[in-house]
Amino acid sequence: MNPTLKQLYNRKSIRAYQDRPVADEKVDLILGAVRRGPTAGNLSLYSVIEVADRSKKETLSRTCDNQPFIAKAPLVLLFLADYQRLYDYMRQGGADEFAAQKGLDFHAPDLGNLMLACQDAMIAAQNAVTAAESLGLGCCYIGDIIENYETHRELFDLPDYVFPISLVVAGYPRSDYHLRRTGPRPAKESVFFTDSYRRLEGEELTSLYDPIVKRRNPSGEFPDGAPNYGCDILMRKYASDFAAEMRRSVEAAMKVWRT
């Protein structure tokens, strides 16, 4: 197995870091890998904000579902789905007036444009993580950045057509990180199909998800009388307060994209 595959096969999310800064030259290498990532039409529909300000890290540690390790991470990168820049470029070039002359549809960015920009931003984030881990750093994705949209929009001065899709925190892992086991991953036949989708059922679903949920709740003591791990994940994740905030936040953010 080559070094790249070995790194990918053995990676784990790291949430505890040494009190050691990440050198600027390593950050530059990570961002260089980000810029080399593929994007739709080579239009780079993403932006990245390095969150260096301590007070902003502290805010994120609260607004992203109360995760204190975010504030302690030496490197915090916010990945944005960004259609604002391209939209501004077209308007600067008179695309709105030209479209009117030619009878073309010129409209504000919509949900389709957002989905495309999200693809670009997530590819950029994965390139950053792969590059960072090749340099000896440990990383963790923070999906909770899509909660509290209004707070994050104000915190980072985000314009209408920029959406915070992922947060990546990184740093040098603590010396005991190797003791943390890698998490279970799905069997190939559970997620890989040929030519058409196949719905799983029965034992296939149980064998796929039970080990994942059990790792978070090894005792098997389910809250509020939940009878199994499927109901446990309902209580802990799907119907949780943070999930409700996530739905509310995304709905608030999507209003501007629904043209």
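Notes on the structure follow. Because the structure is a prediction, the values reported are computed rather than measured.

Looking now at the overall build of the protein. The helix and strand tally for the protein stands at twelve helices and four strands. On the principal axes, the C-alpha backbone points of the protein span a range of 65 × 45 × 40 Å. Sorting the 259 residues of the protein into buried and exposed places 39% on the buried side. Relative to all contacts within the protein whose residues are 6 or more apart in sequence, the contacts with residues 24 or more apart total 75%. When the accessible area of the protein is evaluated, it comes to approximately 15600 Å², of which 52% is carbon and sulfur surface. Between the mean site of the 33 positive side-chain charges and the mean site of the 35 negative ones, the protein shows a separation of 6 Å.

Within this structure, the stated rule accounts for eight salt bridges. Taking the shortest distance from any N to any O, the salt bridge between R54 and E58 comes out at 3.3 Å. With R54 and E58 both in helix α3 (residues 54–63), this residue pair falls four residues apart, about one helical turn. A salt bridge links R85 to D82, with the shortest nitrogen-to-oxygen separation between them at 3.3 Å. Overlapping salt bridges, with partners in common, bring together E150, E245 and R248 in one network.

For the coordinates displayed, the defined rule picks out five aromatic pairs. For the pair Y149 and F163, a centre-to-centre distance of 6.2 Å together with 35° between the ring planes defines the contact as tilted. Pair noted here: Y149 is in helix α8 (residues 149–155) and F163 is in strand β4 (residues 162–171), with a separation of 14 residues, a long-range link. For Y149, a relative accessible area of 5% translates into the label buried. Given the relative accessible area of 4%, F163 is considered buried. A centroid spacing of 5.4 Å and a plane angle of 85° characterise the contact between Y161 and W257, whose relative ring orientation is edge-to-face. Here Y161, found in the loop between α8 and β4, pairs with W257, found in the segment after α12 (241–254); they are 96 residues apart in sequence, far enough to count as distant. One exposure class covers both Y161 and W257, and it is buried. Through a chain of ring-to-ring contacts, the aromatic side chains of Y87, F106, Y161 and W257 assemble into a single cluster. The side chain of R20 reaches across the aromatic face of Y172, ending 3.6 Å from its centre.

Scoring rules and cut-offs
- The written sequence of each chain sets the order in which its residues are numbered from 1.
- With pLDDT at 70 or above as the cut-off, local features in this predicted model cover only qualifying residues; side-chain atom pairs require 80 or more to be listed or tallied, and sums for whole chains, interfaces and linings still use all residues.
- Only hydrogens and water are removed before side-chain values are computed, so all heavy atoms of the structure are retained for them.
- Every helix listed is a DSSP run of H or I at least four residues long, and every strand listed is a run of E at least two residues long, numbered separately from the N terminus.
- Burial classes: relative accessible area under 20% of the type maximum marks a residue as buried, over 50% as exposed, and values in between as partly exposed (1.4 Å probe, protein chains only).
- We call two residues in contact when some of their heavy atoms are within 4.5 Å.
- The Shrake-Rupley method, run with a 1.4 Å probe sphere, supplies the accessible areas, and residue values consider only the shown protein chains as cover.
- Note on charges: Lys and Arg go in the positive column, Asp and Glu in the negative column, and His and the chain ends are not counted at all.
- A single reference atom marks each charge: NZ on Lys, CZ on Arg, CG on Asp, CD on Glu.
- Any carboxyl oxygen of Asp or Glu within 4 Å of a side-chain nitrogen of Lys or Arg constitutes a salt bridge here.
- Classification of ring pairs rests on two measures: the distance between centres of Phe, Tyr or Trp rings, Trp counted by its six-membered ring, which must be within 6.5 Å, and the angle between planes, read as stacked under 30 degrees, edge-to-face over 60 and tilted in between.
- Note on criteria: charge over ring means Lys NZ or Arg CZ within 6 Å of the ring centre, with the direction from the centre no more than 35 degrees off the ring normal.

Read these as layout, nothing more, since geometry by itself doesn't imply function.
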